[in-house]
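# Structural characterization, general
Listed here are the chains, written in short residue letters.
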Amino acid sequence: MNNTLPVKLIAFWKNETSMVGNVSQLLRQNWTARVDEGVPRNTLKFWFTVFISVCMLGVLNNILLLTIISSSKKLRSGTGILILHLLVACLLMCAIHYPILGILIYGNNYWFILPKNLCSYIHYALVTTTYAYFWSDACLGINRFVAVIFPHHYAAWSTRRVCLCMIASTWMIGGLTTLPACFGYSGYFSASSSGQCAMLGTNLLGNFLLGFNAFTSYVIVGIVVLAVLSKIIWRRFAADRSSAVQVVAANEENIRAAQPQETPQQRKAYMKQLRMAGILLTSFTFCAFCNLPRSVASSYFSQYTSHMPVLLLWLRLLVGIQFAFVPLVFLAFNQDYRKVLRKRFFPRPNPIPPGSNDAITLRTAANQ
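Definitions and limits used
Residues numbered from 1 in each chain as written. Predicted model: local features only at pLDDT ≥ 70, side-chain atom pairs only at ≥ 80, totals over all residues. Heavy atoms only, no water. Helix = DSSP H or I, 4+ residues; strand = E, 2+ residues; numbered from the N terminus. Buried < 20%, exposed > 50% of the residue type's maximum accessible area, 1.4 Å probe, protein only. Contact = heavy atoms within 4.5 Å. Areas by Shrake-Rupley, 256 points an atom, 1.4 Å probe, with all protein chains shown as cover. pLDDT = per-residue confidence, 0-100. Axes fitted to C-alpha atoms, helices over the stretch in contact; angles between N-to-C directions. Parallel < 35°, antiparallel > 145°, perpendicular 65-115°, else oblique. Left-handed = near helix turned anticlockwise from the far one by under 90°. Nonpolar A, V, L, I, M, F, W, Y, C, P; charged D, E, K, R; others polar. Core = buried A, V, L, I, M, F, W, Y, C linked by side-chain atoms within 4.5 Å. Expected span 1.5 Å × (residues − 1). Patch = residues over 30% accessible without salt bridge, like charges linked within 9 Å, V, L, I, M, F, W, Y side chains within 5 Å. Salt bridge = Lys/Arg side-chain N within 4 Å of Asp/Glu carboxyl O. Lys, Arg positive; Asp, Glu negative; His and termini not counted. Charge placed at Lys NZ, Arg CZ, Asp CG, Glu CD. Phe/Tyr/Trp six-rings, centres within 6.5 Å; stacked < 30°, edge-to-face > 60°. Polar contact = N/O pair within 3.5 Å; in protein donor to acceptor, adjacent residues only side chain to side chain. Bend = angle between axes of the 7 residues up to and from the residue. Disulfide = S-S within 2.5 Å.

### What to know about the overall build of the protein chain
- Counting its secondary structure elements, the protein chain contains 12 helices and four strands.
- A buried classification covers 39% of the 368 residues belonging to the protein chain.
- Pairs at least 24 apart in sequence give 74% of the contacts found in the protein chain among residues at least 6 apart.
- Summing over all exposed atoms, the protein chain offers an accessible surface of approximately 21400 Å²; the carbon and sulfur share of this is 67%.

Right, dumping it as structure tokens:
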């Protein structure tokens, strides 16, 4: 009686050990199958290296422009608040969301299997931040539209309260329209065999919300770009036409009066509007090129792209390039940003006045 209990415990332990061994073997087979059927090892390693490198560059670029704007009171007021928020969203994508996504994709093929509901939490935060970025871009476009088309109302639209309300609305729209998919009402979050999470619509409402968040902001920015460019071109055409007619009949005595010429202030305002239109157009084209292929493929052609994991990986990298290099677009087109950059990071030595004591001392030393 006393000997049967240890025997039963030993038999139970052997049975449990064999079951654990079988489970471990199945898991190893599952991991191998995932690697063989998903992304080739060398391709995944190369993609992961490039992906993380782009994220690191994005962190540096966004921090650089955030530092430039934050260091100047003039740059961080009005439109600067919206640009700062845009850069914060890009920084979140490059510093948190995309590195986590890259590690999950890489680890899913080598280290572990993604838990069933992990995409519902991680990808929800990623998608919400992405949509907040899209709507921030639309708010920035609306701000520029008012500045060029309705300049007399721009002061009311560029107050701190209005800008903060715009920023809050971007997160509310992105978060609330994505939330139903977490509970399976309008869609669901799914992970592919290669570990890539995606949000898919299951009904008309889900597909509408996907399209609404992914494409409406581009439509708004596109309309704003066309309106701003049309206004600038028309204003320039009208100025050239008025300057061509130098004199007119002022009264019945044929007194000729000259038309007023374009003032330096008007020329400066025109060039500033032209640079802002260039920023909007370049940013719109760059972001559409980087993001639309992934949005269209994952939203409306998922039944085809689900069998092409390598293509989805490189499309995801293309979206990461958008968040990493948008700050350089702003830096390239904004002269004020470049001035602060040179002043802060590349200061020039102050010239010595000719009549100062230092200048006299230097000349005396040179003569000796």
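From this point on, the discussion continues.
### Looking at the confidence of the model for the protein chain
- On average, residues of the protein chain score 76 in pLDDT, and 70% of them reach the 70 mark or higher.
- Put simply, helix H1 (residues 4-37) is where the protein chain has its lowest mean pLDDT, 41, and helix H2 (residues 41-70) is where it has its highest, 93.
- In the predicted structure, residues 12-37 sits below a pLDDT of 50 and forms 15 contacts with residues beyond four places in sequence or in another chain.
- Counting interchain partners and residues more than four positions distant, the pLDDT-below-50 stretch residues 245-253 has 14 contacts.

### Some thoughts on the packing of H2 against helix H3 (residues 79-110)
- Where H2 contacts H3, the axes come no closer than 9 Å and their chain directions differ by 160 degrees. As the angle between them shows, H2 and H3 are arranged roughly antiparallel. Seen from above, H2 lies across H3 with left-handed handedness.
- Partitioning the contact of H2 with H3 into residue classes produces 25 nonpolar, six polar and two charged.

### Points about the nonpolar core
- In terms of nonpolar packing, the biggest core is built from 60 residues, with Tyr98, Tyr133, Phe330 and Tyr337 touching the most fellow members.
- Looking at which element gives the most residues to this core, the answer is H3, with 15 residues.
- With residues near it in sequence (within four places) discarded, Phe330 still touches Leu65, Ile83, Leu86, Leu140, Ile279 and Tyr337.
- Val221, Val224, Ile232 and Ala277 belong to the second largest nonpolar core, which has eight residues in total.

### What about helix H6 (residues 160-182)?
- For H6, with 23 residues, the first-to-last C-alpha span of 33 Å sits near the 33 Å given by 1.5 Å per residue.
- Of the residues flanking the end of H6, it is Gly184, one or two places downstream, whose phi is positive at about 75 degrees.

### What about a positive patch on the surface?
- On the surface, Lys74, Arg275, Lys339, Arg342 and Arg348 cluster together into a patch of positive charge.
- Considering the arrangement of structural elements, one finds Arg275 in helix H8 (residues 264-300).

### What about the packing of H2 against helix H10 (residues 309-333)?
- Between H2 and H10, the shortest axis-to-axis distance is 8 Å and the interhelical angle comes to 20 degrees. Judged by the angle between their axes, H2 and H10 are roughly parallel. For the element pair H2 and H10, the recorded crossing hand is left-handed.
- Here the residues of the contact of H2 with H10 sort into 21 nonpolar, five polar and one charged.

### Some points on the packing of aromatic side chains
- Considering all chains together, one arrives at 14 aromatic pairs under this definition.
- Both rings, one in Tyr133 and one in Phe323, keep their centres 5.1 Å apart while their planes meet at 75 degrees; by these two values the pair is edge-to-face. Here the residue Tyr133 occupies a position in helix H4 (residues 118-149), and Phe323 occupies one in helix H10, the gap between them amounting to 190 residues.
- On the basis of relative accessible area, Phe323 is assigned to the buried category, the value being 1%.
- By the ring-pair criterion, three or more aromatic residues cluster together here, those being Trp47, Phe51, Tyr98, Tyr131, Tyr133, Phe134, Tyr218, Phe284 and Phe323.

### Some points on the side chain of Thr79
- Following the sequence through the fold, Thr79 ends up in helix H3.
- Taking the relative accessible area as the measure of exposure, Thr79 reaches 10% and is therefore buried.
- Separated by 2.9 Å, the side chains of Thr79 and Asn143 make a polar contact.
- Filtering out sequence-adjacent residues up to four positions away, Thr79 remains in contact with Leu140, Asn143, Arg144 and Tyr154.

### Structural notes on the side chain of Asn61
- In this structure, Asn61 sits in helix H2.
- At a separation of 3.0 Å, a polar atom in the side chain of Asn61 contacts the main-chain carbonyl oxygen of Ala324.
- Sequence-distant contacts of Asn61, that is, excluding residues within four places in its chain, are made with Ala324, Phe325, Pro327 and Leu328.

### Focus: H4
- For H4, with 32 residues, the first-to-last C-alpha span of 46 Å sits near the 46 Å given by 1.5 Å per residue.
- Remark: the principal bend of H4, roughly 25 degrees, maps to Tyr124.

### Quick look at the state of the cysteines
- Considering all chains together, one arrives at zero disulfides under this definition.
- Just so you know, Cys139 is unpaired, no disulfide at all, and the nearest cysteine sulfur is the one on Cys163, 9.2 Å from it.
- On the basis of relative accessibility, which here comes to 12%, the residue Cys139 falls in the buried class.

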